[in-house]
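Take a look at the letters that make up each chain.
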Amino acid sequence: MKTSQKIICIILFLKGVWCRDWNISLPEKIEALTGSCVTINCTFDINNTYDLDLNDTAVGIWFKNNHDASGTIMYNSSISNNLGKITGNLKDKDCTTDFYNVSSNHSAKFFFRIEGKGKLRWTYAQKYVSIHVIESPPNPTVKMFMGQMEVQEVLEGNAVNLRCSAITLCCSSSPPTLTWRSTDGLSLNENNRQQQQNQTEIISDLNFTASHLQHGVTFICNITYQLQNRNATAQSNITLRVLCAPKNTSVSVFPSDSVLEGTSVTLTCRSDANPAVLNYTWFRENRGRLEQLQTGQNLTVNVTDRTHTGRYYCRVENQYGTENTSVLLDIQCFNFSFVLIGVAVGVSMIVILCAITCICKRRGGAVQNRKPSQNRPEGTTRSISTNENEGESIYVNRDVLSSAGADTPNQQESLHYASITFTEHKTEPGESRRVSSLDTVYSVLKYSSAGMQKCTTDVSADVVTKQVKSKNSDEADELADSVSQLYAQVKRRNPRSTGD
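Criteria and thresholds
- Residues numbered from 1 in each chain as written.
- Predicted model: local features only at pLDDT ≥ 70, side-chain atom pairs only at ≥ 80, totals over all residues.
- Heavy atoms only, no water.
- Helix = DSSP H or I, 4+ residues; strand = E, 2+ residues; numbered from the N terminus.
- Buried < 20%, exposed > 50% of the residue type's maximum accessible area, 1.4 Å probe, protein only.
- Contact = heavy atoms within 4.5 Å.
- Areas by Shrake-Rupley, 256 points an atom, 1.4 Å probe, with all protein chains shown as cover.
- Salt bridge = Lys/Arg side-chain N within 4 Å of Asp/Glu carboxyl O.
- Pairing = 2+ DSSP bridges.
- Axes fitted to C-alpha atoms, helices over the stretch in contact; angles between N-to-C directions.
- pLDDT = per-residue confidence, 0-100.
- Polar contact = N/O pair within 3.5 Å; in protein donor to acceptor, adjacent residues only side chain to side chain.
- Patch = residues over 30% accessible without salt bridge, like charges linked within 9 Å, V, L, I, M, F, W, Y side chains within 5 Å.
- Phe/Tyr/Trp six-rings, centres within 6.5 Å; stacked < 30°, edge-to-face > 60°.
- Lys NZ or Arg CZ within 6 Å of the ring centre and 35° of its normal.
- Lys, Arg positive; Asp, Glu negative; His and termini not counted.

Student: Tell me about the overall build of the chain, residues and numbers included.
Tutor: The helix and strand inventory of the chain stands at five helices and 33 strands. Every one of the 500 residues in the chain was classed for burial, and the buried ones make up 34%. Considering only residue pairs separated by 6 or more positions, the chain has 63% of its internal contacts joining residues 24 or more positions apart. Split by element, the accessible area of the chain, about 31,200 Å² in all, is 50% carbon and sulfur.

Set out below in structure tokens:
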């Protein structure tokens, strides 16, 4: 390089060092959450001729929407208030500022101005920061990585990194927090989680080894912001897709493991695999060797016999591996004794039911035939009409003598009680008293076995009434004074003089 060129480079370098100009570094846009605080990261530079004017007494001012006198002063570091604070050191040209209790009023453009002793007065009009205030936090971002590469699915056994990231939206004094949970309900090891934060972003990593048990499990990342009077939360999730060889392969037998000879049986093979099983292959063990039968998830034998007894194998396969399983099929001989027993039991039940039905019908008919003459044997009750028009009855209870039995003169007469109901009739002039139809008269009947049947039919209300009247007046008075019962001794008529 020529000497003249070197001299020019040195001059330009010195100019950049010694001839500093007014400059400021600000983010172009910041999102802030209502009720939170917001941090504006800020550094500035001044013309080197004012270096001595920048000391501890320097003042920082933030204008809203305009950089001149028409703008609104949002913050002045020389005035103590709770609107915000310049956390940086102005003497070190650090103008980083926190605004507290952000509201919709902070949605605007902000310009910075520096003032020092002497003639140091400068507003950085060429650059500004736009603050956008939102009511609720945005959802965090969740991604899955293998190494440094983002992936959508992972092979079983490989290391997995789930990363959750979100913008801070808050000042550094009250940063948000990120937490993890999963839908399988398992607790996540604290050692597997790492969290880091910079000025604009917070990140949490969850590291683990992928397992087929985690296939389909959803991992949820939750972010919490601590606001002025409340907490605001947001969340995002990712569902894990784990690729694996077939697992948990099994064979089911329908209708059962023990199958009767001559019936059909179906064997079904199932397996957990991702991606799904590509091939199902059936084998049968024959003399120590596996004999391939067919492919497909189901194996059906329509008519079985004893030769089908044995162990059957199912082999499943996908892109990442294979797995085998087996089942022992037992074919049982058909036993006719079970059929005969079943038929015998069925016939017996039918016979029993028929017998019960016949007995019930016969008893029902006997009850109906007995209704007109209830209690007729030995102590039967007969109805003797006392008044043809009114149809009231006298009930007589009598003993039936045996057909061969004939009373002897010396045989003691039997006592029989009859319940006789009288109807009310008009009092005749010769009757001083009458018997109410509401009273019950119990009669003692004395008779021999001869003419017993005629006796019961010849008893009438007139006879009883006549016998009652024939009593003397003292007996009539005694009978009339009785409230509910009247007892009379009645002798039966001569059966020969009685009509049928």
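Let's pick the thread back up.
Student: How would you explain the pattern of salt bridges if you had to name every residue and give the values?
Tutor: All chains considered together, the criterion is met by five salt bridges. Asp45 is paired through a salt bridge with Lys93; the nearest N and O atoms lie 3.2 Å apart. On the criterion of sequence distance, the pair formed by Asp45 in strand S4 (residues 43–45) and Lys93 in the loop between strand S7 (84–86) and strand S8 (97–99) is long-range, its members being 48 residues apart. With its nearest N and O atoms 2.8 Å apart, the salt bridge here joins Arg163 to Asp205. Taken together, the positions of Arg163 in strand S15 (residues 159–167) and Asp205 in strand S18 (residues 201–209) put the pair 42 residues apart, joining distant regions of the chain.

Student: Please set out the sheet that holds strand S19 (residues 218–226) residue by residue, giving values where relevant.
Tutor: Taken in spatial order, the three strands of this open sheet run S16-S19-S20, and their pairing is antiparallel. Taken across any chain shown, the strands that pair with only one partner, and hence form the sheet edges, are strand S16 (177–182) and strand S20 (231–239). The mean angle between the axes of side-by-side strands here comes to 20 degrees, regardless of whether they run parallel or antiparallel. In this sheet, S20 lies alongside S19 in antiparallel orientation, the contact comprising nine bridges. Looking across to S20, one finds that Ile220 is bridged to Asn237.

Student: Quick one: what's the story with the pairing of S18, residue by residue and with numbers?
Tutor: Across nine bridges, S15 lies against S18 in antiparallel orientation. In the sheet register, Arg163 faces S18, and the bridge partner there is Asp205. With five bridges joining them, strand S17 (residues 193–197) and S18 adopt antiparallel strand pairing. Across the sheet, Gln196 pairs through a bridge with Ile203, a residue of S18.

Student: Account for the confidence of the model for the chain, with residues named and values stated.
Tutor: With 65% of its residues at a pLDDT of at least 70, the chain reaches an overall mean of 75. Averaged pLDDT values for the elements of the chain fall to 38 in helix H3 (residues 452–458) and rise to 96 in S4. In this model, residues 8–18 is a region of pLDDT below 50 whose contacts with residues beyond four sequence positions or in other chains number three contacts. Contacts from residues 422–476, a stretch scored under 50 in pLDDT, to residues over four places away or in other chains number 107 contacts.

Student: Can you break down the side chain of Thr123 residue by residue, with the values?
Tutor: Considering the arrangement of structural elements, one finds Thr123 in strand S10 (residues 121–123). We classify Thr123 as buried; its relative accessible area is 14%. A polar contact is formed between the side chain of Thr123 and the side chain of Arg113, at a distance of 2.7 Å. With near-sequence residues (within four places) excluded, Thr123 lies in contact with His67, Phe112 and Arg113.

Student: Report on the sheet that holds strand S21 (residues 242–254), specifying residues and quantitative values.
Tutor: Spatially, four strands are ordered S14-S21-S23-S26 in an open sheet, and the strand pairing comes out mixed. In this open sheet, the two edge strands, each paired with only one partner strand, are strand S14 (154–155) and strand S26 (298–301).

Student: Quick one: what's the story with a nonpolar patch on the surface, residue by residue and with numbers?
Tutor: On the surface, a nonpolar cluster with roughly 470 Å² of combined accessible area is contributed by Ile341, Val345, Met349, Ile352 and Ile356. Positionally, Ile352 belongs in helix H2 (residues 336–370).

Student: Please set out the packing of aromatic side chains residue by residue, giving values where relevant.
Tutor: Counted under the stated rule, the structure contains nine aromatic pairs. Both rings, one in Phe99 and one in Phe110, keep their centres 5.5 Å apart while their planes meet at 45 degrees; by these two values the pair is tilted. Linking Phe99 in strand S8 with Phe110 in strand S9 (residues 108–115), this pair joins segments that are 11 residues apart in sequence. For the pair Phe99 and Phe110, one class covers both residues: buried. Taken together, a centroid distance of 5.3 Å and an interplanar angle of 20 degrees make the contact between Phe208 and Phe219 stacked. With Phe208 in strand S18 and Phe219 in strand S19, the pair connects residues that are 11 residues apart, well separated along the chain. A relative accessible area of 3% means that Phe219 is categorised as buried. Above the plane of the ring of Phe145 lies Arg163, whose end atom (NZ or CZ) is 5.8 Å from the centre.

Student: Please give an account of the side chain of Arg284 that cites residues and values.
Tutor: Tracing the backbone shows Arg284 in strand S24 (residues 279–286). In this structure, Arg284 is buried with no salt-bridge partner, the nearest side chain bearing the opposite charge being Glu291 at 5.5 Å. Those residues within four positions of Arg284 in sequence are excluded, and the remaining contacts are Arg289, Leu290, Glu291, Leu293, Thr307, His308, Thr309, Arg311 and Tyr312.

Student: Describe the environment of Ser78, listing the residues and the values that go with them.
Tutor: When you line up the elements, Ser78 lands in the loop between strand S6 (72–76) and S7. Each C-alpha atom of the pair Ser78 and Ile61 lies 8.6 Å from the other, and the pair is 17 residues apart in sequence. One polar contact links Ser78 to Asn76, side chain to side chain, over a distance of 2.6 Å.

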